[in-house]
Amino acid sequence: MPSYGGHGDGPKTGGDRADRRIPKGAPVSEHLRVVCPHCDTTNRVLRERLDAGANCGSCKQALLSGQPLELTHATFDHHVAANDLPLVVDFWAPWCGPCRTMAPAYDQVAAQLASEARIAKLNTETESGIATRFGIRSIPTLIAFRNGREVARQSGAMDLPGLLRWIRANA
Ligand SMILES: [Zn+2]
């Protein structure tokens, strides 16, 4: 079933049943769109290849970096729209104590959930336009996106178990 080549509008399932998540261990063989964290190219990757570690077809670097991806106004919309994995964005700022406190746990989340979600950060100081667009009033604020749309948000710092729980429940 070669479905390379970018025509066709997304997956073949009819209709948007709101499947929230592929059941773990299910025998799936589907292509996911994954935006490269290094060069922002959209790749189509079989899910099982992704779990095994896949490289970007363009820049050849790992698609799952295991680190939070730093988004900017130049890349934000593309990553929100073109990732089939859920995307979680930490809206933060360097001057924010709770943000800095949460950062190490967030780094660990990025490593632990690498093949389940895209874990990203947005610096609200340098990218204030995006922060304004999303009405960010306090930081840190986490927003989870699926299929290009916000599906959940949470303000306030969380520890590692809290982050993992929130992301798995909401993203
Ligand atoms: Zn790349």
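Please read all numbers here as calculations on a predicted model, not as lab measurements. (Residues numbered from 1 in each chain as written. Predicted model: local features only at pLDDT ≥ 70, side-chain atom pairs only at ≥ 80, totals over all residues. Heavy atoms only, no water.)

### Let's talk about the state of the cysteines
Put simply, the rule reads: For this text, the term disulfide refers to a pair of cysteine sulfurs within 2.5 Å. Only protein chains enter the area calculation, which uses a 1.4 Å probe; residues under 20% of their type maximum are buried, those over 50% are exposed, and those in between are partly exposed.
Taken as a whole and assessed by the stated rule, the structure comprises 1 disulfide. The disulfide bridge from Cys96 ends at Cys99, spanning 2.3 Å between sulfur atoms. Of note, the bridge from Cys96 to Cys99 carries an S-S torsion of about 80° and is right-handed in sense. Taking relative accessible area as the criterion, Cys96 reaches 3% and is therefore assigned buried.

### Describing the coordination of the zinc ion
Applicable threshold: Note: metal donors comprise N, O and S atoms at 2.8 Å or less from the metal (3.2 Å for Na, K and Ca); water molecules are not included, so apparent gaps in a site are possible. In short, tetrahedral needs four donors with all angles between 85 and 135 degrees, square planar needs four and octahedral six donors with opposite donors over 155 degrees apart and all other angles between 65 and 115, and whatever is left is irregular. In this description a helix means any DSSP run of H or I spanning at least four residues, a strand means any run of E spanning at least two, and both kinds are numbered starting from the N terminus.
At the metal site, the zinc ion is ligated by Cys36 (SG), Cys39 (SG), Cys56 (SG) and Cys59 (SG), and these contacts range over 2.3 to 2.4 Å. Taken together, the 4 donor atoms coordinating the zinc ion span angles of 105 to 114° at the metal, a pattern that classifies the geometry as tetrahedral. For the zinc ion, the single-chain donor residues occur in sequence as C-x2-C-x16-C-x2-C. Of this pair, Cys39 sits in the loop between strand 1 (31-35) and strand 2 (42-46) while Cys56 sits in the loop between helix 1 (47-52) and strand 3 (69-71), placing them 17 residues apart in sequence.

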